[in-house]
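Here is how the chains run, residue by residue.
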Amino acid sequence: MANKKYTQPIFDSVLPLAHADNPLWREAHGDFGRTYVLFSEITRIRKQKNLTQKQLAHAAGITQPTLARIEAGRANPTLIQVMKIIRALNCELTINML
């Protein structure tokens, strides 16, 4: 079996700029920038709560590979999947429509 080579998501190199209040980030990345910040926050909270991807995925009713792709920004999860993850983390997600 050939070795699989995985690359880091391209936005890892600009993560220090990834902040919801940073106008340069918002202008450059639009909706994807906000989405990436959300996924990064899910990862941060999961690690803060000392949960593995497998534990969080089980609690959310999704698979670990799906959670890994979401955290890495390589998936386009449904709102229902995101809400399951947020609930499993014991958090709330607020969406403001402007």
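These notes cover the structure that comes with them. These numbers come from a predicted model, not from an experiment.

Owing to its 3.6 residues per turn, the α-helix aligns residues three or four sequence positions apart on the same side. If you check which residues of helix 2 (residues 53-60) are buried, you get Leu56, Ala57 and Ala60. Around the axis of helix 2, the buried residues are gathered within 100° of arc, so they sit on the same side. Opposite its buried face, helix 2 presents the exposed residues Lys54, His58 and Ala59, each directed more than 90 degrees away. At the C-terminal side of helix 2, Gly61 shows a positive phi close to 75°.

What follows concerns the pattern of salt bridges. In the structure shown here, the tally under the stated rule is 2 salt bridges. Put simply, Arg46 and Glu71 hold a salt bridge, and the shortest N to O gap is 2.6 Å. You can see Arg46 sitting in helix 1 (residues 23-48) and its partner Glu71 sitting in helix 3 (residues 64-71), a full 25 residues away along the chain. The same class applies to Arg46 and to Glu71, which are both buried.

Thresholds applied
Residues numbered from 1 in each chain as written. Predicted model: local features only at pLDDT ≥ 70, side-chain atom pairs only at ≥ 80, totals over all residues. Heavy atoms only, no water. Buried < 20%, exposed > 50% of the residue type's maximum accessible area, 1.4 Å probe, protein only. Helix = DSSP H or I, 4+ residues; strand = E, 2+ residues; numbered from the N terminus. Arc of directions from axis to C-beta. Salt bridge = Lys/Arg side-chain N within 4 Å of Asp/Glu carboxyl O.

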